[in-house]
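Listed here are the chains, written in short residue letters.
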Amino acid sequence: MILCYASGDGLGHLTRLRAVLHTLGVDGPVTVVTASPFAGDPRVTGDWRIVRGTGVTGLAPDEVPEEVIVDAFPAGLKGELIRGDVILPGTKVTHLARLLRWDAYAPMLPADPPRFDRTFVLEPLAPAHEAYLRAVSDEIVPLALTDPPSEPVDVDGWLIVHSGPAAETLELVAYARDMASAEGLRPPMTLVSPQKPDSLAPEVAYLDAYPAWRPGPNVERIVTAAGFNAVRQFAPWRDIHRMLPFPRSLDDQFARAARARREAGDRSRSPRRRPA
């Protein structure tokens, strides 16, 4: 059994785990410890066994995983993971590293944090963050993720995708509408989100779809926040992807969006680039 520790209450941790397990070719039993309300959606978790909570106390004493995968936060969301928590001798321990606001997270590290047999770096990290992981990891390597196959989300016009709070979703919709107005456009718009906001404008269509990372041929523009999955998954469509970063206590969406825009600009200026 592989035990995945996915701290956090959003959809992003589970989407990232789906991609990691698919990329690594894991086909055995998987148990996921999470507090995410999205863990109850079979479209997201499939046949995973879900243990609700933010610790590992939901496991039976005789449940010893072959491998423990710790997502995003190297010692858990609030520094609750310490060496020895279901991480027994002989258990392989893997960390999935994504961008963190390291100055905010580092003070939460416990005195005896977990060590890792390997750390997969999923995107560029802050220097201090990477230095810490090198000190607690036997091996640190990049990993490019591939999502499980899925059907495209094909809608006419603009596609707005967000799984966060309703207030943020409405702000994204307003951002998209302001952008269209500034460009003199009136495209049809569709919001893809787990829940329809109460005050969504009637002219914006609503769709509950998951996964929603593959736009169909009729999608003219994609509007999202700047979370890890949105920026990664829509990278192939960067020319039509617009991001509105939101503040997070431990994630740095602003740095991620700036990097994506900078990389897109570098590619557009490259003399080797040719029209597709």
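Residues numbered from 1 in each chain as written. Predicted model: local features only at pLDDT ≥ 70, side-chain atom pairs only at ≥ 80, totals over all residues. Heavy atoms only, no water.

**Notes on the packing of aromatic side chains**
Tallied over the entire structure, the rule returns four aromatic pairs. Relative to Tyr-105, the ring of Trp-102 has its centre 5.7 Å away and its plane inclined at 45°; by these criteria the two rings are tilted. Residue Trp-102 and its partner Tyr-105 are both found in helix H3 (residues 102-105); the two are separated by three residues, about one turn of the helix. Relative accessible area serves as the criterion here: at 9%, Trp-102 is assigned to the buried category. For Tyr-105, a relative accessible area of 0% puts it in the buried group. (Phe/Tyr/Trp six-rings, centres within 6.5 Å; stacked < 30°, edge-to-face > 60°. Helix = DSSP H or I, 4+ residues; strand = E, 2+ residues; numbered from the N terminus. Buried < 20%, exposed > 50% of the residue type's maximum accessible area, 1.4 Å probe, protein only.)

**Some details on the confidence of the model for the chain**
Residues at a pLDDT of 70 or more form 90% of the chain, whose mean pLDDT is 91. When the criterion is pLDDT under 50, residues 268-276 qualifies, and its contacts beyond four places in sequence or with other chains add up to two contacts. (pLDDT = per-residue confidence, 0-100. Contact = heavy atoms within 4.5 Å.)

**Quick look at the side chain of Thr-94**
Assignment of secondary structure puts Thr-94 in strand S5 (residues 92-97). A distance of 2.6 Å separates the side chain of Thr-94 from the side chain of Glu-67, its partner in a polar contact. Leaving out residues up to four positions away in the same chain, Thr-94 has contacts with Glu-67, Val-68, Ile-69, Val-70, Phe-116, Arg-118 and Phe-120. (Polar contact = N/O pair within 3.5 Å; in protein donor to acceptor, adjacent residues only side chain to side chain.)

**Quick notes on helix H1 (residues 12-24)**
With 13 residues, H1 ought to run about 18 Å at 1.5 Å a step, and its terminal C-alpha atoms sit 18 Å apart, in line with that. Buried residues belonging to H1 abut strand S1 (2-6), strand S2 (30-34), helix H2 (42-45), strand S4 (67-71), S5 and helix H6 (228-233). At the C-terminal side of H1, Gly-25 shows a positive phi close to 70°. (Expected span 1.5 Å × (residues − 1).)

**Comments concerning the sheet that holds strand S9 (residues 189-192)**
The strand order across the open sheet built from five strands is S10-S9-S8-S11-S12, with neighbouring strands paired in parallel fashion. What marks the edges here is a single partner per strand, and that holds for strand S10 (204-207) and strand S12 (241-243). Going across the sheet, the axis of each strand differs from the next one's by a mean of 25°, ignoring polarity. Set on the sheet, helix H5 (residues 166-182) makes contact with strand S8 (157-161), S9, S10, strand S11 (219-224) and S12; between it and S8 the angle comes to about 155°. (Pairing = 2+ DSSP bridges. Axes fitted to C-alpha atoms, helices over the stretch in contact; angles between N-to-C directions.)

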